[in-house]
Amino acid sequence: MIYSHKSPALLIIGILMLLWGWMNNAGTLDGMQGWLHPGAYKEHKQAIDKHAADTQAAAEKAAAEGQPAPEAKPMKPSKFDGTKAGQAQLAYILGGLFAAVGVLVLVLPKKEGHLDYYAGVVPGMAFIVGIACAVRWILDPMFANWGKAAQPTLGWDFAKIMNLNYVVLGIVLGMIIVNLLRIPAWAANGVRTARLFLKTGVVLLGTLYSAAELAQLGALSVVMIGIFVLGSVWLVLLAGPRMGASNSMTGVLSSGVGVCGVSAAVAASPVVNAKAVDIAFTLGTILLWGVLCMFTFPTIGQLLGMGPVQFGAWAGTGILNSAQVAGAALAFDPQGIETLKVAEIFNITRVLFLPIIVVWLAAWYVKREAGAQKVDLGKVLVAKFPVFVLGFLFMFLLSTLGMFAPPGHYQGKYFSSEQVKEDKLLKEKEIAALQAHLPKLTKPEETKALQDLIANRKLTSREQDHVLKGVSKAAKDDKAVKDAVGAANKAAWHDSKIIRAFRDWIAWLFAIGLTGLGMQITVASIKQAGGKPLIIGSVVGIIKAVGSLIVVLLFVKEFV
Amino acid sequence: MSEVAAPQARAAGLAWPPRALLLAHHGTAGAERALDLALSLAVPGTTRILHLYIVPDFWAGMQGDDWLNNAWTRDAFAEHVEGQLAQEARERMGALAARCTAAGVDSTPILRYGKPAECLVAAAREGGADLVVIGPPRPKGEPGLRSRMDLESLARGLAAPLLIAR
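Keep in mind that this is a model prediction, so the values were computed, not measured.

Cut-offs and rules
- Residues numbered from 1 in each chain as written.
- Chains lettered and ligands numbered in written order.
- Predicted model: local features only at pLDDT ≥ 70, side-chain atom pairs only at ≥ 80, totals over all residues.
- Heavy atoms only, no water.
- Helix = DSSP H or I, 4+ residues; strand = E, 2+ residues; numbered from the N terminus.
- Contact = heavy atoms within 4.5 Å.
- Areas by Shrake-Rupley, 256 points an atom, 1.4 Å probe, with all protein chains shown as cover.
- Lys, Arg positive; Asp, Glu negative; His and termini not counted.
- Charge placed at Lys NZ, Arg CZ, Asp CG, Glu CD.
- Domains from an automatic or database assignment.
- Salt bridge = Lys/Arg side-chain N within 4 Å of Asp/Glu carboxyl O.
- Polar contact = N/O pair within 3.5 Å; in protein donor to acceptor, adjacent residues only side chain to side chain.
- Nonpolar A, V, L, I, M, F, W, Y, C, P; charged D, E, K, R; others polar.
- Patch = residues over 30% accessible without salt bridge, like charges linked within 9 Å, V, L, I, M, F, W, Y side chains within 5 Å.
- Buried < 20%, exposed > 50% of the residue type's maximum accessible area, 1.4 Å probe, protein only.
- Phe/Tyr/Trp six-rings, centres within 6.5 Å; stacked < 30°, edge-to-face > 60°.
- pLDDT = per-residue confidence, 0-100.
- Expected span 1.5 Å × (residues − 1).
- Core = buried A, V, L, I, M, F, W, Y, C linked by side-chain atoms within 4.5 Å.
- 1 Å grid on protein atoms, 1.4 Å probe; cavity = no way out; pocket = protein on both sides within 12 Å on 5 of 7 lines; lining within 4 Å.
- Points joined across faces, edges and corners; volume = space filled by probe spheres on them.
- UniProt positions renumbered as here; feature names shortened; annotations may be inferred.

Asker: Sorry if this is basic, but what is going on with the overall build of chain A here?
Answerer: Scanning chain A from N- to C-terminus turns up 25 helices and zero strands. On the principal axes, the C-alpha backbone points of chain A span a range of 105 × 65 × 55 Å. Relative to all contacts within chain A whose residues are 6 or more apart in sequence, the contacts with residues 24 or more apart total 81%. Accessible area of chain A: about 25400 Å², with a carbon and sulfur share of 66%. Computed over 51 positive and 35 negative side-chain charges, the separation of the two mean positions in chain A equals 9 Å.

Below, the structure is given as structure tokens:
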């Protein structure tokens, strides 16, 4: 089979990316970048003016003293410069790679083999990468600006409330492309590699956990997932036959609704000999629920003032489809990936439950269905085991052994007094801002956390850090408070360069993967939602979402 | 009915009795009514019913956004779905062929994958259909797979007359 298409598309994507990098470096795009990043641009301009004024003052002073004008000091790169340089660097690397492969695609003869396979896949990968770049670099800041601009008229920031950040926009754009425009033939093979980006993102996530964090989140997720996954599987198995659903329909629905959505239904369908119509109804229902949850969960989480652990636990348990768990977590918390860290532990636990549930369903089906073929349970367990979880554990092991950051890094070593230098302690102006904010707090733990910060001029524990993150989030437009808490957080957390890079790559991998996954959600398949699966799935889905929300709010503390 | 309809049909410029009658049938209640209509119009020994069975293209998106499974599981799922669709098609084609045989009418099965209207227009053209018979749209709220026949595409694309059973 020939996979590649003789299309100049990959070369064009490569050239466009190279052009983007060059234009950023040359300053051609400064006007547009300034509009996209108004805050950073304003600071940048102020820094330029200040630098020019300092240089002139130094020159005038030297002239007054009869000295030659001193050599102008180079300006420290501003945040705005950093943004442009980061984009240019990535655009050069990816653009160069895509352009080179794009030339090969055009030059190489069409011949079956590995080379042809990769030539057929890379253009689609470039397609989703290019879209993810456009979303992250242009659409995300653009919507943020529009949200702020419309706030005086609407009374609310629609981009913020509707979580229109790079993750949601990427998925939505992916869905628009597949449903309205169609995926171009040259990109079709590569778009399916979206799952590779997501799995790689999960593997890299392994570097971000401390052993204590993983143990606590793991234990919490096993309890939550155990209750809600087993509970919802059991509920569907109970309700299905009572509502007159066939065994195969009940089987495929219970795995889909109970475990991890589409992936679970895909894994269980052959085992319970699901009929075509059962599969269509079930997958349509799950996809419909998944998309709805991805948009509603983050907004509800914001309205309820949930923190990363609570929201991650809720999304990881309550959202039927695992793909949308990652989407909702990043939609809720696009800047940091704390929520994603929590949610993905829940996702991984769900995935680890999958082989067990499939074996359970196989046994259940054989028992109830006369003439059903017995399944080799051992083979099912091995075949359904998610190998990428081993990659996650391997990266966690390397990280725990100190391969990527100094030992003690994850334990919050920089909270101790000796590790925070005097110049990193909060300044008087910042303390004053925090003191002014103190009377506005209503929760005792928040008041105490802020009082301690004011007294120590630094954070002293991870718990305090978590509480104050909530305070900062609730401070909304009080920039001074946000900056002060941000400065204290920055002084306490010393990420190694490698860990910082991992965080950045993880955000990119998920953004690219979710954009590609959006291209696999077709309205035609969502429209198949119907029949008994829609009724049973909706009832169980609501019970699971509401039940897990109540449990999380009552029992899950923000600090793990 | 064929004899009664013949003069009017000929007057309207239709080939009558139809030699190749294309029937879109996939086992729903509406399609059964279309089959009844087709059999009432068919003339044994003259008319051949071309039974078009369409597997709608929404099945291509039925792996949805599955990202957790390995290639083995996805392939097993794809094989399972293909097997189920093939079995369904065989059963329905066999049942229709049996009805035609019982009525003394020859039939030829045609299996297509794609958008229903596009498949029907192509099958009618390739099979040289004199007449096309389809069932009515499924009433709203009735359960079933969502894959509607786009009537505008049929009206624009078909060279043969189209009959919709009520």
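Asker: Would you take a moment to explain the domain arrangement of chain A for this structure?
Answerer: By a frequent convention, interface size equals the accessible area lost on bringing the separate parts together. Segmentation of chain A into domains returns domain 1 (9–64 + 77–159), domain 2 (195–412 + 499–555) and domain 3 (424–495). One C-alpha centre belongs to domain 1 of chain A, the other to domain 3 of chain A; they are set 33 Å apart.

Asker: I'm lost on the interface of chain A and chain B in this one. Help?
Answerer: Counting residues at the interface gives 43 residues for chain A, matched by 26 residues for chain B. At the surface where chain A touches chain B, the tally comes to zero salt bridges. Inspection of the region where chain A meets chain B yields twelve residue pairs in polar contact (both at pLDDT 80 or more). For the side of chain A that touches chain B, the secondary-structure elements that each account for two or more residues are α9 (194–205), α12 (262–268), α13 (276–303), α15 (322–332), α16 (338–368), α17 (377–383) and α24 (523–526) of chain A. The biggest single contributor to the side of chain A that touches chain B is α13(A), with seven residues. Residues belonging to the side of chain A that touches chain B are distributed by class as follows: 24 nonpolar, eleven polar and eight charged.

Asker: Sorry if this is basic, but what is going on with a positive patch on the surface here?
Answerer: Residue and element names in this part refer to chain A. Among the surface-exposed residues, Lys76, Lys421, Lys424, Lys427, Lys490, Lys497 and Arg500 lie close enough to one another that they form a single positively charged patch. Secondary-structure assignment places Lys497 in helix α23 (residues 497–518). When its relative accessible area of 68% is taken as the criterion, Lys497 is described as exposed.

Asker: Please explain the pattern of salt bridges as it appears in this structure.
Answerer: Side-chain pairs of opposite charge can arise where the charged atoms are in close proximity. Residues and elements named next belong to chain A. The full count for this structure, using the stated rule, is 14 salt bridges over all chains. Measuring nitrogen to oxygen at the nearest pair gives 3.0 Å for the salt bridge that ties Asp483 to Lys479. With Asp483 and Lys479 both in helix α22 (residues 479–492), this residue pair falls four residues apart, about one helical turn. By relative accessible area, which is 40% here, Asp483 ends up partly exposed.

Asker: It is not clear to me how the packing of aromatic side chains should be interpreted in this structure. Could you clarify?
Answerer: Where two aromatic rings form a pair, the distance of their centres and the angle of their planes describe that pair. Residues and elements named next belong to chain A. Enumeration over the complete set of coordinates arrives at 15 aromatic pairs over all chains. Aromatic side chains Tyr41 and Phe80 sit 4.9 Å apart centroid to centroid with 55 degrees between the ring planes, which places their arrangement in the tilted category. With Tyr41 in helix α3 (residues 38–64) and Phe80 in helix α4 (residues 79–107), this pair connects stretches of sequence that are 39 residues apart. The exposure class of Phe80 is buried, given its relative accessible area of 1%. Seen in terms of ring centroids, Phe404 and Phe502 are 4.9 Å apart; in terms of plane orientation they differ by 85 degrees. Their pairing is edge-to-face. One end of the pair, Phe404, is in the loop between α18 (388–400) and α19 (428–437); the other, Phe502, is in helix α23, with 98 residues separating them in the sequence.

Asker: Which parts of the structure should I look at to understand the confidence of the model for chain A?
Answerer: Low pLDDT marks stretches whose predicted atomic positions should not be read closely. On average, residues of chain A score 87 in pLDDT, and 96% of them are at 70 or above. The weakest mean pLDDT in chain A belongs to α17(A) at 78; the strongest belongs to helix α1 (residues 9–26) of chain A at 96.

Asker: Would you explain helix α20 (residues 444–456) of chain A in this entry?
Answerer: Since the α-helix packs 3.6 residues into each turn, any two residues three or four apart lie on the same face. Residues and elements named next belong to chain A. Under the 1.5 Å per step criterion, the end-to-end length of α20 is 18 Å for 13 residues, consistent within 8% with the ideal 18 Å. Against α19, α21 (462–474) and α22 lie the buried residues of α20. Once α20 finishes, Arg457 follows within two positions and takes phi at roughly 60 degrees, a positive value.

Asker: Looking at this structure, I do not really get the nonpolar core. What am I missing?
Answerer: Note that soluble globular proteins tend to have their nonpolar side chains buried in a common cluster. The biggest cluster of nonpolar side chains holds 156 residues, and the ones touching the most others in it are Phe98(A), Leu340(A), Phe510(A) and Trp59(B). The leading source of residues in this core is α16(A), at 16 residues. Among the domains, domain 1 (9–64 + 77–159) and domain 2 (195–412 + 499–555) of chain A are the pair contributing at least three residues each to this core. Contacts of Phe510(A), omitting those with residues within four sequence positions, involve Leu198(A), Gly201(A), Val202(A), Leu205(A), Ala326(A), Leu330(A), Leu340(A) and Glu344(A). With 19 residues, the next largest nonpolar core counts Ala20(B), Val121(B), Ala129(B) and Ile134(B) among its residues.

Asker: Help me out: how do you make sense of the environment of Ile131(A) in this one?
Answerer: Residue and element names in this part refer to chain A. Considering the arrangement of structural elements, one finds Ile131 in helix α5 (residues 114–154). When its relative accessible area of 12% is taken as the criterion, Ile131 is described as buried. Placed 192 residues apart in sequence, Ile131 and Ala323 show a C-alpha to C-alpha distance of 19 Å. When neighbours within four sequence positions are excluded, Ile131 is seen to be in contact with Leu173, Ile177, Thr515 and Met519.

Asker: Which parts of the structure should I look at to understand the side chain of Ser548(A)?
Answerer: Residues and elements named next belong to chain A. For Ser548, the location among the structural elements is in helix α25 (residues 531–555). On the basis of relative accessibility, which here comes to 0%, the residue Ser548 falls in the buried class. Of note is the side chain of Ser548, whose polar atom sits 2.6 Å from the backbone oxygen of Lys544. Look past the residues within four positions of Ser548 in its chain and what remains in contact with it is Met224, Phe228, Trp314, Thr317, Gly318 and Ile543.

Asker: It is not clear to me how unusual backbone geometry should be interpreted in this structure. Could you clarify?
Answerer: Glycine aside, residues mostly have negative phi, and peptide bonds are mostly found in the trans state. All names here are of chain A. Even without glycine at this site, Asn273 takes up a positive phi of about 50 degrees. Relative to the assigned elements, Asn273 resides in the loop between α12 and α13. Positive phi is not limited to glycine here, since Arg457 has a value of about 60 degrees. Among the residues examined, Arg457 registers a relative accessible area of 30% and is labelled partly exposed.

Asker: Looking at this structure, I do not really get empty space enclosed by the protein. What am I missing?
Answerer: Vacant regions in the atomic arrangement are exposed by a probe of water-molecule size rolled over the atoms. Going through the model one piece at a time under the given rule, you end up with one cavity of 30 Å³ or more. Empty space within the largest cavity amounts to approximately 30 Å³. Around the largest cavity sit Ile171(A), Met294(A), Ala323(A), Gln324(A), Leu514(A), Leu517(A), Ile521(A) and Asp65(B), which together line it. Among the secondary structure elements, those contributing two or more residues to the lining of the largest cavity are α15 and α23 of chain A. Looking at the lining of the largest cavity residue by residue, the classes come out as six nonpolar, one polar and one charged.

Asker: I would appreciate a short explanation of a nonpolar patch on the surface in the present structure.
Answerer: Residues and elements named next belong to chain A. On the surface, a cluster of nonpolar side chains totalling about 500 Å² of accessible area is made up of Ile12, Leu16, Leu19, Trp22 and Tyr92. With four residues, the single largest contributor to the nonpolar patch is α1. Summarising the element assignment, Leu19 is placed in helix α1.

Asker: So what exactly am I meant to see when it comes to the confidence of the model for chain B here?
Answerer: Predicted confidence across chain B gives a mean pLDDT of 87, with 92% of residues reaching 70 or more. Both scores are given for the predicted complex: the pTM is 0.82, the ipTM 0.84.

Asker: Looking at this model, I keep getting lost on the UniProt feature "domain: UspA" (unreviewed entry) in chain B. Mind explaining?
Answerer: Residues given the UniProt feature "domain: UspA" (unreviewed entry) here are residues 21–138 of chain B. The distance from the first to the last C-alpha atom of residues 21–138 of chain B is 22 Å, and the span holds 48% helix and 22% strand.

Asker: Help me understand the environment of Pro141(A) in this model?
Answerer: Residue and element names in this part refer to chain A. Along the polypeptide, Pro141 turns up in helix α5. Under the relative-accessibility criterion, Pro141 is labelled buried at 7%. Separated by 174 residues in sequence, Pro141 and Ala315 have C-alpha atoms that sit 25 Å apart. Beyond its immediate sequence surroundings of up to four residues, Pro141 is in contact with Leu36, His37, Val135 and Arg136.

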